[in-house]
Amino acid sequence: MVYCRILPFSALSNRKLYPESGIEWYIGRKELMGLAKKDTPNYVEDIRRKHRPNKDKLLEKEELRGYVKRILEYNGVGECPVNPDRIARRLGFDIVWMEFKKGSGIDGMMSDRAEEYERFGSKRFIIVDKNSNMHRRSGTIGHELGHFFLHCNSMDDFNEVYTQHTDEANMTIEEKLREQNATRFRDELLMPWFLLKDFLEEREGMLWKELIPDISQAFNVPRHRAVDHMRWSGIKDVPPKDVQGETWYNCDKAFGGI
Ligand SMILES: [Zn+2]
């Protein structure tokens, strides 16, 4: 499991927050006047506004599908695989590839802030572990985009460390909910219903054993995530993760997934 830690906004400047990452991570000095975050397109603001009344709930299928469809339409995406990197760049994100300290368990970081982070010369960026595999990279960016669409606003700085550390016990209910929703967003973004539905219909009658690797390849997602997402999407008869002695997790490992 991958866990996240949202770094709280603090008025304290120059405070090192996450030394395990191997980078110096300072909070933006909001007290400096005249600082503004990067512009955000109207369609993003619109999605944030719509989601606000539901922010204390787990995302419902229809709500999330609607958001993702709108995002993909806006970005001219009509086929799989979805490239979250491209969507992020169009939103003004700089994507930074970095090698994190060994054993840090960190997959990525995201920042959307009013003050430029000097080292990267950017106010809005996603840092991705350059040693992570293809699935994990796009998953990290997809998850961070979930926070951007659902949890950021135009006023407050937002900083997150995306880590495999299992510190769920120290998370508040709100934090857990936010993480679950960002992860659901990631899966729907990468396997949007309007594409997945057609994909499945075209392959009606095919064995799951063949279909799961097909989805994994076409949508560029690990197999176990495809299984999880289809379950969430309400598709009946999706096999358990371990079927006929074949574990989807093991398949992923064999094929370089997570
Ligand atoms: Zn997160």
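Residues numbered from 1 in each chain as written. Predicted model: local features only at pLDDT ≥ 70, side-chain atom pairs only at ≥ 80, totals over all residues.

## Section: the overall build of the protein chain
When helices and strands are tallied, the protein chain shows nine helices and seven strands. Buried residues in the protein chain amount to 35% of all 258 residues. Looking at the protein chain alone, contacts between residues at least 24 apart form 72% of all its contacts between residues at least 6 apart. (Helix = DSSP H or I, 4+ residues; strand = E, 2+ residues; numbered from the N terminus. Buried ≥ 20, exposed ≤ 12 C-beta atoms within 10 Å, placed from the backbone. Contact = placed C-beta atoms within 7 Å.)

## Some remarks on helix 4 (residues 134-150)
Because the α-helix completes a turn every 3.6 residues, residues three or four places apart line up on one side. Between the first and last C-alpha of helix 4 there are 24 Å, a value that for 17 residues agrees with the 24 Å anticipated at 1.5 Å per step. Of all 17 residues in helix 4, 15 are buried, a share of seventy percent or more. (Expected span 1.5 Å × (residues − 1).)

## Some words on the packing of helix 4 against helix 5 (residues 173-190)
At a closest axis distance of 7 Å, the pairing of helix 4 and helix 5 adopts a crossing angle of 115°. Considering only the axes of helix 4 and helix 5, their crossing is right-handed. Across the interface between the two elements, Ser138, Gly139, Gly142, His143, Leu145, Gly146, His147, Phe149 and Leu150 of helix 4 pack against Asn181, Ala182, Thr183, Phe185, Arg186, Leu189 and Leu190 of helix 5. (Axes fitted to C-alpha atoms, helices over the stretch in contact; angles between N-to-C directions. Left-handed = near helix turned anticlockwise from the far one by under 90°.)

## Comments concerning unusual backbone geometry
The peptide bond linking Cys80 to Pro81 adopts the cis configuration, its omega dihedral lying at 0°. Turning to its location among the elements, Pro81 is positioned in the loop between helix 2 (61-74) and helix 3 (84-90). The phi dihedral of Asn220 falls on the positive side, at around 60°, and the residue is not glycine. Within the secondary structure, Asn220 is located in the loop between helix 7 (208-219) and helix 8 (223-232).

## Some thoughts on the packing of helix 7 against helix 8
With their axes 9 Å apart at the nearest point, helix 7 and helix 8 run at an angle of 100° to one another. Compared by their axis directions, helix 7 and helix 8 come out roughly perpendicular. Two secondary-structure elements touch here, helix 7 through Ile212, Pro213, Ile215, Ser216 and Phe219 and helix 8 through Arg223, Ala226 and Val227. In terms of residue class, the contact of helix 7 with helix 8 is made up of six nonpolar, one polar and one charged. (Parallel < 35°, antiparallel > 145°, perpendicular 65-115°, else oblique. Nonpolar A, V, L, I, M, F, W, Y, C, P; charged D, E, K, R; others polar.)

## Side note on the pairing of strand 5 (residues 158-163)
Burial runs high along strand 5: five of the six residues are buried. Pairing analysis gives six bridges linking strand 3 (residues 106-117) to strand 5, with the strands arranged antiparallel. Paired with Asp112 across the two strands is Phe158, which belongs to strand 5. (Pairing = 2+ DSSP bridges.)

## What to know about the confidence of the model for the protein chain
Looking at the protein chain as a whole, the pLDDT averages 81, with 78% of positions reaching at least 70. Note that residues 26-32 has pLDDT below 50 and, in this model, 24 contacts with residues that lie over four places away or in other chains. (pLDDT = per-residue confidence, 0-100.)

## Topic: the nonpolar core
If you look at the biggest cluster of nonpolar residues, it comprises 41 residues, and the most contacted ones within it are Ile126, Leu145, Phe149 and Ala226. In terms of residue count, the dominant contributor to this core is helix 4 (five residues). Counting contributing residues per domain, this core is built from domain 1 (3-190) and domain 2 (195-254), each supplying no fewer than three. (Core = buried A, V, L, I, M, F, W, Y, C linked by C-beta atoms within 7 Å. Domains from an automatic or database assignment.)

## As for the environment of Gly92
For Gly92, the location among the structural elements is in the loop between helix 3 and strand 2 (94-98). Here Gly92 is in contact with Lys38 and Arg124, once residues within four sequence places are set aside.

## Here's the deal with the environment of His51
Assignment of secondary structure puts His51 in helix 1 (residues 42-51). Residue classification places His51 among the partly exposed positions, given that 18 C-beta atoms sit within 10 Å. Placed 12 residues apart in sequence, His51 and Glu63 show a C-alpha to C-alpha distance of 8.3 Å.

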